Amino acid sequence: MVTTGLRPRRSAVLRLLVVALALAGALLGGLGGAAPASAHAALTGSTPAQGSVADRAPEQVTLTFSEGVAMGDDSIRVLDPQGKRVDDEKLRNLSSDRVVKYGAGLPSGLRDGTYTVAWQAVSADSHPVSGAFTFSIGAPSKTSAPVPQQEAGGGLVGALYGIARYLAYAGFVLLAGGAAFVVACRPAAALVRSVQRLVVYGWALLTGTTVVMLLLRTPYTGSGDLADVFDLGGLQQVLITKPGAALVSRLLLLAAAALFVAVLFGAYARAHQPAGADEPEEPGEPGEPGEVAERGQRGEADERGAADAAEEAGAADAAEKGDAAEEGGAAEVAEEVEEARRRKDLTFGLGFGGVIVATGLAATWAMAEHASTGLQPAVAMPVDVLHLLAVAAWLGGLAALVVSLYWGPPVERAAVRRFSRIAFGSVVVLVATGLYQSWRQVGTWRALTDTAYGRLLLIKVALVVVLVGIAWLSRQWTGRLAEVPAGEVAAAELRAAEDAEQDARREAEQDAAKAAGQKEREAAEERDDREAEKATVGASATTAAATAAAATGPAPKGAPAPKSGSSPVSDHSTSAPHDTPATDDGPSAGDDSPDPARAAQLARQQAAVRTARTKRQRDADPERLGLRRSVLAEAAVAVVVLVVTTVLTATEPARTEAAVKATSGGQSAEAGRPQALTIPFDTGGPDGKGTARVRLAPGSSGRANTLQLRITDPSGKVRDVPEVKVSFTQKAKKLGPLSVTTRHTGKGQWRGSGIQLPVPGKWQLSLVVRTSDIDQVTEIKNVKIGS
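What counts and what doesn't
Counting starts from 1 at the beginning of each chain's written sequence and moves along it residue by residue. Where local features are concerned, this predicted model is filtered to residues with pLDDT of at least 70; where side-chain atom pairs are given and counted, the filter is 80 or more; whole-chain, interface and lining totals use all residues. In computing side-chain properties, one takes all heavy atoms of the structure into account and sets aside hydrogens as well as water. Salt-bridge detection follows one rule: a side-chain nitrogen of Lys or Arg within 4 Å of a carboxyl oxygen of Asp or Glu. In this text, helices come from DSSP runs of H or I with a minimum length of four residues, and strands from runs of E with a minimum of two, each type numbered from the N-terminal end. Burial status follows relative accessibility: with a 1.4 Å probe on protein chains alone, a residue under 20% of its type maximum counts as buried, one over 50% as exposed, and anything between as partly exposed. Polar contacts here mean pairs of N or O atoms no more than 3.5 Å apart (in protein, one a potential hydrogen donor and the other a potential acceptor; neighbouring residues in sequence count only if both atoms are side-chain atoms). The pocket and cavity definitions rest on a 1 Å grid over protein atoms only: a 1.4 Å probe that fits but cannot leave marks a cavity, an open set with protein on both sides within 12 Å along at least five of seven lines marks a pocket, and residues lining either have an atom within 4 Å of a point. Grid points are joined across faces, edges and corners, and a volume is the space filled by probe spheres set on the points. Only residues above 30% relative accessible area that lack a salt bridge enter a patch, with like-charged residues linked at up to 9 Å and the nonpolar side chains Val, Leu, Ile, Met, Phe, Trp and Tyr linked at up to 5 Å. Here the open area of atoms and residues is found with the Shrake-Rupley method and a 1.4 Å probe, where only the protein chains shown may cover a residue. Here, a strand pair is defined by DSSP locating no fewer than two bridges between the strands. The axes are straight lines fitted to the C-alpha atoms, using for helices just the contacting stretch, and the angles between their N-to-C directions are given from 0 to 180°. For classification purposes, an angle smaller than 35 degrees is called roughly parallel, one larger than 145 roughly antiparallel, one from 65 to 115 roughly perpendicular, and anything else oblique. In this scheme the handedness of a crossing depends on how the near helix is turned from the far one: anticlockwise by less than a right angle means left-handed, clockwise means right-handed. A contact between two residues is defined here by any heavy atoms of the two lying within 4.5 Å. Residues are grouped as follows: Ala, Val, Leu, Ile, Met, Phe, Trp, Tyr, Cys and Pro are nonpolar; Asp, Glu, Lys and Arg are charged; every other residue, Gly included, is polar.

J.: Run through the pattern of salt bridges, naming residues and quoting values.
T.: Inspection of every chain in the model, using the stated rule, returns 8 salt bridges. In this structure, the salt-bridge partner of Arg-186 is Glu-412, at a minimum N-O distance of 3.0 Å. A residue pair is termed long-range when its members are at least 10 positions apart, and Arg-186 in the loop between α2 (155-185) and α3 (193-221) and Glu-412 in the loop between α9 (377-406) and α10 (413-441) qualify at 226 residues. Overall, Arg-186 belongs to the buried group, its relative accessible area being 0%. The partner of Glu-723 in a salt bridge is Arg-770, and the shortest N-O contact between them spans 3.0 Å. Here Glu-723, found in strand β13 (residues 723-730), pairs with Arg-770, found in strand β17 (residues 761-770); they are 47 residues apart in sequence, far enough to count as distant. Its relative accessible area of 27% is what places Glu-723 among the partly exposed residues. A relative accessible area of 18% places Arg-770 in the buried class.

J.: Explain the environment of Ser-715 to me, using residue names and the numbers behind them.
T.: Position of Ser-715 among the secondary structure elements: in the loop between β12 (705-712) and β13. Note: C-alpha distance between Ser-715 and Gly-690 (25 residues apart in sequence) is 8.6 Å. Of note is the side chain of Ser-715, whose polar atom sits 2.7 Å from the side chain of Asp-713.

J.: Provide a residue-level description of empty space enclosed by the protein, including the pertinent values.
T.: Going through the model one piece at a time under the given rule, you end up with 2 cavities of 30 Å³ or more. Taken as a whole, the largest cavity encloses approximately 120 Å³ of empty space. Breaking the lining of the largest cavity down by element, the ones donating at least two residues are α2, α3, α5 (242-264) and α8 (307-366). Taken as a whole, the second largest cavity holds about 40 Å³ of empty space. Around the second largest cavity, the lining residues are Gly-177, Ala-180, Phe-181, Cys-185, Ala-393, Gly-397, Phe-419 and Ile-422. Elements represented by at least two residues in the lining of the second largest cavity include exactly α2, α9 and α10.

J.: Which residues make up a nonpolar patch on the surface, and what values do they have?
T.: A surface patch of nonpolar side chains, about 340 Å² in accessible area, is lined by Leu-156, Leu-160, Ile-163 and Leu-226. Within the secondary structure, Leu-160 is located in helix α2.

J.: Explain the sheet that holds strand β11 (residues 689-697) residue by residue, including any values.
T.: Strand pairs in the sheet, formed through backbone hydrogen bonds, run parallel or antiparallel to each other. If you trace the 5 strands from one edge of the open sheet to the other, you get β10-β11-β12-β16-β15, paired in antiparallel fashion. Of all strands in the sheet, those with a lone pairing partner are β10 (675-682) and β15 (743-746), marking the two edges. Each adjacent strand pair in this sheet contributes to an overall mean axis angle of 25°, direction not counted. Of the pairings in the sheet, the one linking β11 to β12 comprises 7 bridges and is antiparallel in character. From the neighbouring strand, Ala-692 faces β12, where its bridge partner is Ile-711.

J.: Please provide a residue-by-residue account of the packing of α2 against α10, values included.
T.: At their nearest, the axes of α2 and α10 sit 10 Å apart, and the two run at 120° to each other. For the element pair α2 / α10, the angle class is oblique. Here α2 and α10 pass one another in a crossing that is right-handed. Of the residues in α10, those touching α2 at Phe-181, Ala-184 and Cys-185 are Ala-415, Arg-418, Phe-419 and Ile-422. When its residues are assigned to classes, the contact of α2 with α10 shows 6 nonpolar, no polar and 1 charged.

J.: Before we move on, can you summarise unusual backbone geometry with the specific residues and values?
T.: Between Thr-47 and the following residue, Pro-48, the backbone shows a cis peptide bond with an omega angle of 0°. Structurally, the position occupied by Pro-48 is in the loop between β1 (43-47) and β2 (53-54). With omega at 10°, the peptide bond leading from Gly-736 into Pro-737 counts as cis. Residue position: Pro-737 is located in strand β14 (residues 735-740). Unusually for a residue other than glycine, Glu-89 sits at a positive phi of about 60°. A positive phi angle, near 50°, is found at Asp-687, a position not held by glycine. Residue placement: Asp-687 occurs in the loop between β10 and β11.

Next up, the structure:
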């Protein structure tokens, strides 16, 4: 007989899952650490430019982004050198059809010095982005303006939000995939307790993480302070945003999913319950032998009255019996047809409703993540929904199959094959939708290796290939399975239910035995006290009788002598103590009571025997043993795939990163922009310490650049030095050094113009400072030049 056990050896299962979770944690630690800095909407330009020095105060500060963002009045803050906010605290939307631009107005008459611009926004795919830069009016100066040290979406709040996002994906996979496995592959699994727990836990996990994410949105996109989860005003603002609306919609759909789960494991499970699991029918039902026997008894009573009446009654009873049998058979067939129709209607209703709910839940991600912005959103969002549904059908069904194989009755070969076909279809959908999403988010082959998104995508593809390979092994094991008869499956389910009932009954008996033992001990103590009291009374009576006999002297001669062997004391008084143990309350009555310790020991031995028999039966089938192991390996790899997917959704798409580079015109977001360098120096002689501040604009290889140099002493005051020299070298191209001709424009200030740097890339700026005839130092700094 082919069976699968109810209680597997859990150590191997736990070891494999621990390894998978450890790898997942390593990925989260290694990849998730950079996630907060992975801006999905990037700053592509600003006016004034970063590090620039304006001759007079600008009227406003403007920021240009690579894609749509959500900003408020506090999203752009301009701070003076003392850290005081000087903008008008009103956001200006300067966006056009193809340009995303926002600004903040500045008052007239701003003093000279260095100003800090701090900004924060929420990109169209729900992720927060932030940054800061400086510009100067007149000349640079010291500034004490506070700049946020933590990236938006980082810190403890960012870590908690990332964990909640991962668990939300996992909950959706377990809920949707587990329910799909029950409805489409194995309806009998609706009766399996482990599958029920899996789906219910998936629903609870998705619901809980959705609530947590909704509460964390305020600190996640704002202050980063965990205490702000209780900010009701911030929560109200979150609800009117696109991510907040998506989370609320998810909660409403989860309410419908709760009703779906209740019907799935309620009416649907009862409709597929084996016939033997129903309550036994009463003998009085139509067509049953009990009713026929009753009619026979009535016929015999009539036969005692008259023989003719008995013959007529016998003939009538025979005809009625035949009619009843026919009616009973027809009723049974009609009942079976009605039950089959009811099952079909339930299956269709649950299937249709489940698809609607699962599609709605998947859409809550599509409408607030990468698919909702960028290239072809009208196509990308439905494709993203299909991708999520395919993931849930494959990985969630895989989880349901794992718990069915390890903690459930034997799984039929037909059910495993049905799931295998669904998994194959899911893989096809995943490949098709994944190719489209990869093209949309990556764009070029080079971006697969040059960007973080591309490298993560390659890791995910490699893991999916491993997963498909293990699935192929599982499919081979499935082809070798021997079919488990339906009757055997039903019997196994009944045995499982009976074992559970016996366990409950055994625990109740053990409790009753313990209670009976306690009562017996109390009764024995009471009997001992009663016997001791009776013995005391008997001894007192004997002593009194002996004393009375001695006082009266010898009996008279005419008095009859007492019988030999008798006692002067009455028989009742002397025999009572010895007769007491023979009563119903004596120790003999307690000898038949069960020993609680012995009963508990027997229960443990029986449980151990059942476990060993179950394991022996399970391991006796090598095909199902191999299938269980391969499916468990699939589940372990699937855990890691979900982690990589979660990190991938929190990473800036490669196409967006390339667009930022193209807009900024260089190798990075800083390349091709004005470059500002602060270079401390020490020539070693008297007054040899100081700081050189160099600004190069526009920082491009295709245009003439202007260099501004300012020298200050350790106290920050401008000072002159006898000589400064500046040159540029590009070691990769073996260019330079290219000397820069500078002219002294004022105390401690030099200027060079018409500087041509022929190629973009990383250049070395060499600064030579001489503070006396013999004291001189050379400082080298790297600077990126755009095209």
